[in-house]
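Residue-level listing of the chains:
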Amino acid sequence: MKLSARNILPGRIVAVTKGTTTAHVKVELAPGLVVFSAITNEAVDDLALKVGDTVSAVIKSSDVMIGK
């Protein structure tokens, strides 16, 4: 699969929490470095996402904020 996004971060799923319509997926990129994604429950099911899966967090955005 080819993507136009340039921020593709490999990691492993450490938590999947389904809500009424939206699921929160927690991806550990490195020890102590975690990103969260909110996706539909349908997407979780279609991708068969589960804890321990190796995935890529793909970030496509015109704005990335930096804080210090």
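As the structure is a computational prediction, the values presented were derived from the model and not from experiment.

1. Brief notes about the confidence of the model for the chain
Per-residue pLDDT for the chain averages 94, and the proportion of residues at 70 or more is 100%. Taken element by element, the chain is modelled with least confidence in strand β4 (residues 54–59), mean pLDDT 95, and with most confidence in helix α1 (residues 41–47), mean pLDDT 98.

2. A few points about the pattern of salt bridges
Under the counting rule described, the total for this entry stands at two salt bridges. Residue K18 is joined to D45 by a salt bridge in which the shortest nitrogen-to-oxygen separation is 2.5 Å. Taken together, the residues span a long stretch of sequence, with K18 in strand β1 (residues 7–18) and D45 in helix α1 at a distance of 27 residues. Note on K18: relative accessible area 43%, which makes it partly exposed. On the basis of relative accessible area, D45 is assigned to the partly exposed category, the value being 47%. Salt-bridge contacts for K50 lead to D53; the nearest nitrogen and oxygen are separated by 3.0 Å. The class of D53 is buried, set by a relative accessible area of 17%.

3. Re the environment of A30
Structurally, A30 can be placed in strand β2 (residues 22–30). Here A30 falls in the partly exposed class, since its relative accessible area comes to 31%. Residues A30 and G11 lie 19 residues apart in sequence; the distance between their C-alpha atoms is 7.2 Å.

4. Some points on the sheet that holds β4
Spatially, β3-β2-β1-β4 is the arrangement adopted by the four strands of the open sheet, whose pairing is antiparallel. Unpaired on one side and paired on the other, β3 (33–40) and β4 mark the two borders of the sheet. Going across the sheet, the axis of each strand differs from the next one's by a mean of 45°, ignoring polarity.

5. Here we look at the side chain of N41
As for its placement among the helices and strands, N41 is situated in helix α1. A relative accessible area of 13% means that N41 is categorised as buried. Contacts of N41, omitting those with residues within four sequence positions, involve K18, G19, T20, T21, T22 and A23.

The rules behind each value
Residues numbered from 1 in each chain as written. Predicted model: local features only at pLDDT ≥ 70, side-chain atom pairs only at ≥ 80, totals over all residues. Heavy atoms only, no water. pLDDT = per-residue confidence, 0-100. Helix = DSSP H or I, 4+ residues; strand = E, 2+ residues; numbered from the N terminus. Salt bridge = Lys/Arg side-chain N within 4 Å of Asp/Glu carboxyl O. Buried < 20%, exposed > 50% of the residue type's maximum accessible area, 1.4 Å probe, protein only. Pairing = 2+ DSSP bridges. Axes fitted to C-alpha atoms, helices over the stretch in contact; angles between N-to-C directions. Contact = heavy atoms within 4.5 Å.

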